[in-house]
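Each chain is listed here by its residues.
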Amino acid sequence: MEKFESVVRSAKYFLLDMDGTVYLGDELIGKMNETLDVLRNNGKKIIYLTNNSSKSRDKYVEKLSRLDLLREGDDIYTSGMAAADHLTANYPGKSVCLLGTEALKREFIARGVTLSDENADICVLAYDTELTYDKLCRFVGNLKRGATYIATHPDVNCPAEKFFVPDAGAFIQLIYASTGLKPSLIIGKPYTTMGVNLSLKYNALPEQFIMVGDRLYTDIKFGIDCGFHTLLVLSGESTLKDVSALLDEDKPELITDSLNDVVKYL
Ligand SMILES: [Mg+2]
């Protein structure tokens, strides 16, 4: 109880996973819009975080607005945006071959990344739901010429309406089967680049952040590895049984049935 209060009161930046944490598909989890308003009114900044690099920021603005979850001052950060920020910060002026959607291409260009399908310095593999054999061959060609290899996120499958569909992690394995090459860096959760970028963006210390999510091996591991506070919500994938199977250092700091429960600790 005391631990809950001290963490929830001291954390300023609430990094929220979306599916399983604030909504399930198209259904809000409880009165989530009211919960988030209470957090905002207590000076918390809401930052939606997603590994999905197939959609642009605008798509999330649309969905979150439709569900009444977005207010002025909130932020949305995808692994695709984080990849672009990583490139402009660490590889200024280098050319990038992107295996990604048209929406992500526009996002990269808007963030100052130079794209090129020929003789690229860097290859970025994203969740390309518009994948063609031609694009795959061009990407592999650049890799074989020795381009630096980065992937936006490691998820093998993406939940979809009828069944799980192949995600970026499955593409990574396809390319590994063909070339023997693996990414030298993966951006999205559970890896830490998104957290590092956000700490820099907000000029904030790790202990000012709390990562809230429903997956232990992505959301919670990410939070722990970034040095952030962590809150596991049981409104999605993970159960208490899953938690008990973990080593102590991999366990979330806080656990609640849903994010709605935190308001009583403010
Ligand atoms: Mg989730």
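Source: prediction; values computed, not measured.

Procedures and definitions
- Counting restarts for each chain, with residues numbered from 1 along the sequence as it is written.
- Note on the predicted model: pLDDT of at least 70 is required for a residue's local features to be given, and 80 or more for side-chain atom pairs to be given and counted; whole-chain, interface and lining totals, by contrast, use all residues.
- Remark: hydrogens and water are excluded; side-chain values derive from all non-hydrogen atoms of the structure.
- Where each domain begins and ends follows an automated or database-derived domain assignment.
- Residues are treated as being in contact if the distance between any of their heavy atoms lies within 4.5 Å.
- Computed with a 1.4 Å rolling probe, the buried area is the accessible surface lost when two parts are put together, summed over both parts.
- By definition, a salt bridge exists where a carboxyl oxygen of Asp or Glu is found within 4 Å of a side-chain nitrogen of Lys or Arg.
- Whenever a nitrogen or oxygen atom comes within 3.5 Å of another N or O atom, the pair is scored as a polar contact, on the condition that within protein one atom can donate a hydrogen and the other can accept it, and that pairs from neighbouring residues in sequence are kept only if both atoms are in side chains.
- Two strands are said to pair when DSSP picks up at least two bridges between them.
- Each helix is a run of DSSP H or I of at least 4 residues and each strand a run of E of at least 2, with the numbering of both proceeding from the N terminus.
- Only the contacting stretch of a helix is used when fitting its axis, a line to C-alpha atoms as for every element, and angles between N-to-C directions run 0 to 180 degrees.
- By definition here, a helix of n residues has an expected span of 1.5 Å times n minus one.
- Put simply, a disulfide is two cysteine sulfurs that come within 2.5 Å.
- Each nonpolar core is a collection of buried residues, namely Ala, Val, Leu, Ile, Met, Phe, Trp, Tyr and Cys, held together in the definition by side-chain atoms within 4.5 Å.
- Buried residues are those whose accessible area, probed at 1.4 Å on protein chains only, stays under 20% of the maximum for their type, while exposed residues exceed 50% and partly exposed ones sit between those limits.
- Here a donor is any nitrogen, oxygen or sulfur atom (N, O, S) within 2.8 Å of the metal, with 3.2 Å used for Na, K and Ca; water is not among the atoms considered, so some sites may look incomplete.
- Pairing of aromatic rings covers Phe, Tyr and Trp, the last through its six-membered ring, and needs centres within 6.5 Å; plane angles under 30 degrees mean stacked, over 60 mean edge-to-face, and all others mean tilted.
- In this scheme, Lys NZ or Arg CZ marks a charge over a ring once it lies within 6 Å of the ring centre and within 35 degrees of the ring normal.

1. Focus on the domain arrangement of the chain
When the domains of the chain are assigned, the result is domain 1 (2-51 + 189-265) and domain 2 (91-186). Relative placement of domain 1 and domain 2: their C-alpha centres are 28 Å apart. With six residues of domain 1 in contact, the opposing surface of domain 2 contributes five residues. Among the residues of domain 1 in contact with domain 2, Asn 51, Tyr 191 and Arg 215 are the three that bury the most area, contributing 71% of the side total. Counting across the domain 1 and domain 2 interface gives one salt bridge. Taken together, the connections running from domain 1 to domain 2 amount to two residue pairs in polar contact (both at pLDDT 80 or more).

2. A short note on the sheet that holds strand β14 (residues 229-233)
If you trace the six strands from one edge of the open sheet to the other, you get β5-β4-β1-β13-β14-β15, paired in parallel fashion. Every other strand in the sheet has two partners, leaving β5 (75-78) and β15 (254-256) as the edge strands with one partner each. Sheet twist, expressed as the mean angle between neighbouring strand axes with direction ignored, is 25 degrees. The pairing of strand β4 (residues 45-50) with β5 spans four bridges and is classified as parallel. Each bridged residue has a counterpart across the sheet, and for Thr 50 the counterpart in β5 is Thr 78. Of the strands in this sheet, β1 (13-16) and β4 are in contact with helix α2 (residues 32-41), which crosses β4 at around 130 degrees. In this fold helix α4 (residues 79-90) packs onto β4 and β5, with an angle of close to 75 degrees to the strand it touches most, β5.

3. Description of helix α7 (residues 168-179)
Every α-helix winds through 3.6 residues per turn, so residues three or four apart in the chain are directed the same way. With 12 residues, α7 ought to run about 16 Å at 1.5 Å a step, and its terminal C-alpha atoms sit 16 Å apart, in line with that. Where α7 is buried, its residues contact β6 (95-99), β8 (122-125), α6 (133-144), β9 (148-151), β11 (165-166) and β12 (185-186). Backbone geometry just after α7 places Gly 180 at a positive phi near 75 degrees.

4. Focus on the state of the cysteines
This model, assessed by the stated rule, comprises zero disulfides. Here Cys 97 is not disulfide-linked; the sulfur of Cys 123 is the nearest cysteine sulfur, at 4.7 Å.

5. Remarks on the nonpolar core
Counting 29 residues, the largest nonpolar core has Leu 15, Leu 49, Leu 87, Phe 108, Val 124, Leu 198 and Phe 222 as its most contacted members. A per-element tally of this core places α4 first, with five residues. There are two domains that each give this core at least three residues, and those are domain 1 (2-51 + 189-265) and domain 2 (91-186). Those residues in contact with Leu 15, other than ones at most four positions away along the chain, are Ile 47, Leu 49, Leu 198, Phe 209, Ile 210, Met 211, Val 212, Phe 222 and Phe 228. Of all hydrophobic cores here, the second largest spans 28 residues; its members include Phe 14, Leu 36, Ile 76 and Leu 231.

6. Some words on the sheet that holds strand β7 (residues 114-115)
The strand order across the open sheet formed by five strands is β7-β6-β8-β9-β12, and the pairing between neighbours is parallel. Of all the strands in the sheet, the pair left with one neighbour each is β7 and β12. Sheet topology note: the β6/β8 ladder contains four bridges and is parallel. Paired with Leu 98 across the strands is Val 124, a residue of β8.

7. Quick look at the coordination of the magnesium ion
Protein-derived ligands of the magnesium ion are Asp 17 (OD), Asp 19 (O) and Asp 214 (OD), with the metal-ligand distances lying across 2.2 Å. In this structure Asp 19 comes out as partly exposed when scored by relative accessible area, which is 39%.

8. Re the packing of aromatic side chains
Here the structure, examined in full by the defined rule, presents six aromatic pairs. Between Phe 209 and Phe 228, the aromatic rings sit 4.6 Å apart at their centres with planes inclined by 25 degrees, giving stacked as the arrangement. Of this pair, Phe 209 sits in strand β13 (residues 209-213) while Phe 228 sits in the loop between α9 (216-226) and β14; the two residues are 19 residues apart in sequence, bridging distant segments of the chain. By relative accessible area, which is 0% here, Phe 209 ends up buried. The class for Phe 228 is buried, based on a relative accessible area of 6%. Here a set of aromatic residues connected by ring pairs shows up, and it is made of Tyr 13, Tyr 202, Phe 209, Phe 222 and Phe 228. Lying across the ring of Tyr 23, Lys 63 places its NZ or CZ 4.0 Å from the centre. Above the ring of Tyr 176, the side-chain terminus of Lys 182 is found at 4.8 Å from the ring centroid.

9. Observations regarding unusual backbone geometry
The amide bond that connects Lys 189 to the next residue, Pro 190, takes the cis arrangement and shows omega of 5 degrees. Within the secondary structure layout, Pro 190 lies in the loop between β12 and α8 (193-201). A positive phi angle, close to 50 degrees, is found at Asn 119, a residue other than glycine. Considering the arrangement of structural elements, one finds Asn 119 in the loop between β7 and β8. A residue is classified by how much of its surface remains accessible, and Asn 119, at 56% relative accessible area, is exposed. One non-glycine residue, Asn 203, lies in positive phi territory at about 50 degrees. Topologically, Asn 203 is positioned in the loop between α8 and β13. Given a relative accessible area of 71%, Asn 203 falls into the exposed group.

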